[in-house]
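Summary of structural features
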Amino acid sequence: MNATTPPRLVAFDLDDTLAPSKSAIDPRIGDLLIGLAQRVEVAIISGGQLAQFTAQVVDRLPETDPAVLERVHLLPTCGTQYYRISADGIRTVYAHSLTDDQKSRALAAVEQEARRLGYWESETWGDILEDRGSQITFSALGQRAPLQAKTAWDPSGSKKNELRAAVAARLPDLEVRSGGSTSVDITHRGIDKAYGMGRLSEQTGIPLDDMLFVGDRLDPDGNDYPVLAMGVACQAVDGWEDTAVFLEALIPSLPAR
C-alpha cells in the first residue's frame with residue numbers, strides 16, 4: 001500500500017487503540033468500525049482472548065447488515081485463534097492451543113519469577129494468571145484492574161520487561177512477550193502480531209502490502225512493533241479518541257463497495 005492506493009483491509013490493536021484497557025468501545029468507535037466495514041475488510045488483533053473481543057467490541061457494534069459483519073475478522077491471542085462473525089454468531093476458523101505440558105510450565109515459571117522479583121501483588125482485581133488456550137497471560141493486578149491502577153503500577157514498563165526476560169530464560173521453547181500495560185504473554189515460539197497479520201493475509205488472500213495497521217504501541221518495545229517491522233503500513237495513535245479522528249478522515253477517502 002502506498003499513499004495513493006487505499007487499503008483493502010484495516011487492522012486494529014484493541015486496548016488503548018479502540019477502547020481503554022479492558023473497557024467497551026465508545027459508540028463513536030462502533031459507528032466508525034461499521035462505516036469502515038462497509039468499504040473494506042476490518043480486523044482486530046490483540047493478545048486478549050475471544051471473550052474480551054466479544055464484550056468490548058462485538059456486543060457493542062450497532063445494528064447492521066449481516067454481510068457487513070462478515071467483513072470483521074477477530075484474531076485473539078495475537079492470531080493463534082481466528083474467528084469470523086456470521087448471522088448465526090461467532091464462527092471459529094482455527095485455534096492453535098498450547099499443550100498441557102507447555103501450559104503448566106508457563107504458569108509455574110511466570111508465578112515463581114513474579115514472586116521472586118516482588119511483582120506478585122496481594123491486592124488484585126480478578127485472576128493474575130489466565131489460560132487462554134493458545135496463550136498464558138500474567139496480569140500483575142488481575143484481569144479486571146482499573147485503568148488508573150494499571151497505569152500507576154509500571155509507568156516506565158521496567159517491571160514488565162524485567163519479568164518477561166526472567167520468564168523467557170526459563171522457557172526457551174516458548175515465546176514470552178510484554179503484553180498490555182501490566183501483562184506478560186506466553187505462546188508458541190514465533191507468535192506476535194506479525195504472526196497474526198501473516199495468518200490474516202493467508203486466510204483472506206489480501207497481501208500485506210494492501211493492509212493498514214492501527215496501534216498505540218508501535219515503539220520498538222511495544223507489542224504492535226512487530227507489525228511495523230514486517231513492513232505493513234502503520235498508523236500510530238494515542239488512545240481511542242485519536243483512532244476515531246483518524247477514521248473520520250480515512251473512511252470518506254475509501255471507495256464504496
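The structure contained in this document is the topic of the report that follows. Owing to the predicted nature of the structure, the values given are computational and were not obtained by experimental measurement.

Here is what the cut-offs are and how they apply
- Counting restarts for each chain, with residues numbered from 1 along the sequence as it is written.
- Totals for whole chains, interfaces and linings use all residues, but because this is a predicted model, local features are given only for residues with pLDDT of at least 70 and pairs of side-chain atoms are given and counted only at 80 or more.
- Computation of side-chain values covers all heavy atoms of the structure but excludes hydrogens and water.
- In this text, helices come from DSSP runs of H or I with a minimum length of four residues, and strands from runs of E with a minimum of two, each type numbered from the N-terminal end.
- We take the radius of gyration over the C-alpha atoms and set the globule estimate at 2.2 Å times the residue count to the 0.38 power.
- Only heavy atoms matter for contacts: two residues are in contact if any of them lie within 4.5 Å across the pair.
- Note that accessible areas follow from Shrake-Rupley with a 1.4 Å probe, and for residues the cover is restricted to the protein chains shown.
- We call a residue buried when its accessible area falls under 20% of the maximum for its residue type, exposed when it is over 50%, and partly exposed in between, using a 1.4 Å probe and counting protein chains only.
- A pair of strands is considered paired only if DSSP assigns at least 2 bridges between the two.
- All axes here are fitted lines through C-alpha atoms, helices being fitted over the stretch that makes contact, and every angle between N-to-C directions spans 0 to 180 degrees.
- Here is the rule for angles: anything less than 35 degrees is roughly parallel, anything more than 145 is roughly antiparallel, 65 through 115 is roughly perpendicular, and the remaining ranges are oblique.
- In this scheme the handedness of a crossing depends on how the near helix is turned from the far one: anticlockwise by less than a right angle means left-handed, clockwise means right-handed.
- Polar here means any residue other than Ala, Val, Leu, Ile, Met, Phe, Trp, Tyr, Cys and Pro, which are nonpolar, and Asp, Glu, Lys and Arg, which are charged; Gly is therefore polar.
- When two rings of Phe, Tyr or Trp (its six-membered ring) have centres within 6.5 Å they constitute a pair, described as stacked for plane angles under 30 degrees, edge-to-face for angles over 60, and tilted for the intermediate range.
- The definition of a polar contact used here is a pair of N or O atoms within 3.5 Å, where within protein one atom must be able to donate a hydrogen and the other to accept one, and adjacent residues in sequence count solely through side-chain atom pairs.

**What to know about the overall build of the protein**
Helix and strand counts for the protein come out as nine helices and eleven strands. A compact globule built from 257 residues should have a C-alpha radius of gyration of about 18 Å, and the protein, at 18 Å, falls within 12% of that. Put simply, 62% of the contacts in the protein that link residues at least 6 apart link residues at least 24 apart. Carbon and sulfur atoms provide 48% of the accessible area of the protein, an area that totals close to 11,100 Å².

**Structural notes on the pairing of strand β4 (residues 81-86)**
Counting buried positions over the six residues of β4 gives five, a clear majority of the element. The pairing of strand β3 (residues 72-75) with β4 spans two bridges and is classified as antiparallel. Its bridge partner lying in β4, His 73 is registered against Arg 84. Between β3 and β4, which pair antiparallel and follow one another directly, the connecting turn spans five residues, one of which, Thr 77, has a positive phi of 40°. Strand direction decides the pairing type here: β4 and strand β5 (residues 89-95), joined by six bridges, are antiparallel. Residue Ser 86 lies in a different strand from β5, and its bridge partner there is Gly 89.

**With respect to the packing of helix α4 (residues 100-117) against helix α6 (residues 158-170)**
At their nearest, the axes of α4 and α6 sit 9 Å apart, and the two run at 135° to each other. Our classification of the angle between α4 and α6 gives oblique. As α4 runs across α6, the sense of the crossing is right-handed. Contacts from Ala 109, Val 110, Gln 112, Glu 113, Ala 114, Arg 116 and Leu 117 in α4 reach Glu 162, Leu 163, Ala 166, Val 167 and Arg 170 in α6. For the contact of α4 with α6, the class distribution of residues is seven nonpolar, one polar and four charged.

**A few points about the packing of aromatic side chains**
Within this structure, the stated rule accounts for three aromatic pairs. Aromatic side chains Tyr 82 and Tyr 94 sit 5.7 Å apart centroid to centroid with 50° between the ring planes, which places their arrangement in the tilted category. Taken together, the residues span a long stretch of sequence, with Tyr 82 in strand β4 and Tyr 94 in strand β5 at a distance of twelve residues. Under the relative-accessibility criterion, Tyr 82 is labelled buried at 1%.

**Some thoughts on the side chain of Glu 41**
In this structure, Glu 41 sits in strand β2 (residues 41-45). A polar side-chain atom of Glu 41 sits 2.9 Å from a polar atom in the side chain of Arg 257. Those residues in contact with Glu 41 that sit more than four places away from it in its chain are Arg 8, Leu 9, Val 10, Arg 71, His 73, Arg 84, Ile 206 and Arg 257.

**As for the environment of Asp 238**
Considering the arrangement of structural elements, one finds Asp 238 in the loop between β11 (233-236) and α9 (240-250). Residue classification places Asp 238 among the exposed residues on the basis of a relative accessible area of 68%. Between the C-alpha atoms of Asp 238 and Arg 217, which are 21 residues apart in sequence, the distance is 8.6 Å.

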